[in-house]
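# Structural overview
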Amino acid sequence: DTGVSQDPRHKITKRGQNVTFRCDPISEHNRLYWYRQTLGQGPEFLTYFQNEAQLEKSRLLSDRFSAERPKGSFSTLEIQRTEQGDSAMYLCASRNRGPNEKLFFGSGTQLSVL
Amino acid sequence: AQKVTQAQTEISVVEKEDVTLDCVYETRDTTYYLFWYKQPPSGELVFLIRRNSFDEQNEISGRYSWNFQKSTSSFNFTITASQVVDSAVYFCAHSRADFGNEKLTFGTGTRLTIIP
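These notes cover the structure that comes with them. (Residues numbered from 1 in each chain as written. Chains lettered and ligands numbered in written order. Predicted model: local features only at pLDDT ≥ 70, side-chain atom pairs only at ≥ 80, totals over all residues. Heavy atoms only, no water.)

### Side note on the state of the cysteines
All names here are of chain A. Taken as a whole and judged by the stated rule, the model has two disulfides over all chains. Between the sulfur of C23 and that of C92 lies a disulfide, 1.8 Å long from S to S. Its torsion about the S-S bond being -70°, the disulfide of C23 and C92 is classed as left-handed. One end of the pair, C23, is in strand β3 (residues 19-24); the other, C92, is in strand β9 (residues 88-95), and 69 residues separate them in sequence. We note that C23, like C92, is buried. (Disulfide = S-S within 2.5 Å. Helix = DSSP H or I, 4+ residues; strand = E, 2+ residues; numbered from the N terminus. Buried < 20%, exposed > 50% of the residue type's maximum accessible area, 1.4 Å probe, protein only.)

Right, dumping it as structure tokens:
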């Protein structure tokens, strides 16, 4: 499978716990994006990496959220002290550099905070 | 700030009927991209089309066609002879034309159900 891979597909946690999601982009894609999608809404941009550098963060990304892409390949998104409002689908996407390249999305990680 | 509006929350049509999904956008950018994505029940967003703001030509791809009109800030999507496999949530999106940074602003989506 050469698509964008996300793990886990589903995560149920209790409020206050920390969770970490992983995204494996398509190999050789140097740009990686995280989006969040709540029920009945479109995805919202969270953050973006070019190789290992985190170039932009949305205001949606509170201090409890941290994303890394240590070697410019896979990325992790950690949420500390989860809140019920964090319940959402977290989508990862990647693309190559170039004006005509398109964004490829993974199937997402569905987070439920109880 | 950019805004994308998809006023149709849900649409149901009988198989083989044509259906049009509406998209209206707001932007102050002089150059930008518009997109349509399909999200089937599996959750993965599937790219359908990207249109540059310079190019107002309509596009047809099989049963799919897109009508881009800058004068009305609309980018509508038509499925001809709909099929059950077309059932999904469809999102319209906008991005600035900063090459390599496709930070997308999505609409709220239209859930399309094709009735067999």
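Read on for the rest.
### A word on the interface of chain A and chain B
The interface of chain A with chain B comprises 22 residues on the first partner and 19 residues on the second. When chain A packs against chain B, the two sides together hide about 1700 Å² of surface, and 50% of this comes from carbon and sulfur. Taken together, the links from chain A to chain B amount to one salt bridge. Where K103 of chain B meets E56 of chain A, a salt bridge forms, and the shortest distance between an N and an O atom there is 2.5 Å. Scanning the region where chain A abuts chain B turns up five residue pairs in polar contact (both at pLDDT 80 or more). If you list the elements that add at least two residues to the side of chain A that touches chain B, you get β4 (31-37), β5 (44-50) and β9 of chain A. Considering every element that reaches the side of chain A that touches chain B, the biggest residue donor is β4 of chain A, with four residues. (Contact = heavy atoms within 4.5 Å. Buried area = accessible area lost by both parts, 1.4 Å probe. Salt bridge = Lys/Arg side-chain N within 4 Å of Asp/Glu carboxyl O. Polar contact = N/O pair within 3.5 Å; in protein donor to acceptor, adjacent residues only side chain to side chain.)

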